[in-house]
Amino acid sequence: MNILRILADNGMDYEKKNEALEKYDIRLKGGLAKEVKSMCDYGDYVEKMGTEKGIAQGMEQGLFLSLSSLMENMKVDLHEE
């Protein structure tokens, strides 16, 4: 069960997973090593994309709040004709 936890742990990079698996006398070689490395790279990619998306959303919300505040302070109403 611990082996599955090690393999599924997104917070652990390939080197740390390899070291942890060696404690169970499991050595990553060939295709298995490639698959685990690929899985770690994909996890990093998903995390990076999520972070970038969150930053973009935060910037958009900050811009909206800034413009709303500016319009309110300047007493600008978009619905005025």
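Higher on the page you've got the structure.
Residues numbered from 1 in each chain as written. Predicted model: local features only at pLDDT ≥ 70, side-chain atom pairs only at ≥ 80, totals over all residues. Heavy atoms only, no water.

**Topic: the pattern of salt bridges**
Using the following cut-off: Should a side-chain nitrogen of Lys or Arg be within 4 Å of a carboxyl oxygen of Asp or Glu, the pair is scored as a salt bridge. Put simply, DSSP H or I for four residues or longer makes a helix, DSSP E for two residues or longer makes a strand, and each gets a number counted from the N terminus. Each residue is assigned to one of three classes by its accessible area relative to the maximum for its type, calculated with a 1.4 Å probe on protein chains only: buried under 20%, partly exposed between the two thresholds, exposed over 50%.
Taken as a whole and judged by the stated rule, the model has 2 salt bridges. Among the ionic pairs, K37 bridges to D41, the shortest N-O distance being 3.7 Å. Of this pair, K37 and D41 are both found in helix α3 (residues 30–73), 4 residues apart, which corresponds to roughly one turn of the helix. Given the relative accessible area of 39%, K37 is considered partly exposed. Overall, the relative accessible area of 40% leaves D41 in the partly exposed class. Measuring nitrogen to oxygen at the nearest pair gives 3.9 Å for the salt bridge that ties K48 to E52. Within this pair, K48 and its partner E52 are both found in helix α3, separated by 4 residues, close to a single helical turn.

**Points about a negative patch on the surface**
As a reminder, the rule being used: Residues forming no salt bridge and having over 30% relative accessible area are the ones grouped into patches, like charges within 9 Å of each other and nonpolar side chains (Val, Leu, Ile, Met, Phe, Trp, Tyr) within 5 Å. Throughout, the Shrake-Rupley method with a 1.4 Å probe supplies accessible areas, and for residues the shown protein chains are the sole cover considered. Under this rule, positive means Lys or Arg and negative means Asp or Glu; His and the chain ends count for nothing. Taken as the charge centre is NZ of Lys, CZ of Arg, CG of Asp or CD of Glu, depending on the residue.
On the surface, a cluster of negative charge is contributed by D13, E15, E19, E22, D44 and E47. Looking at the negative patch, the elements with two or more residues in it are α2 (14–22) and α3. The element contributing the most residues to the negative patch is α2, with 3 residues. Position of E15 relative to the elements: it lies in helix α2. Exposure remark for E15: the relative accessible area of 49% places this residue in the partly exposed category.

**Digging into the nonpolar core**
Buried together is how nonpolar side chains tend to be arranged in soluble globular proteins. Heads up, the condition is: Buried residues of nine kinds, namely Ala, Val, Leu, Ile, Met, Phe, Trp, Tyr and Cys, make up a nonpolar core once their side-chain atoms join them within 4.5 Å.
Within the largest apolar cluster, 9 residues are counted, these being I6, M12, Y14, A20, L21, L28, A33, V36 and C40. Elements represented by at least two residues in this core include exactly α2 and α3.

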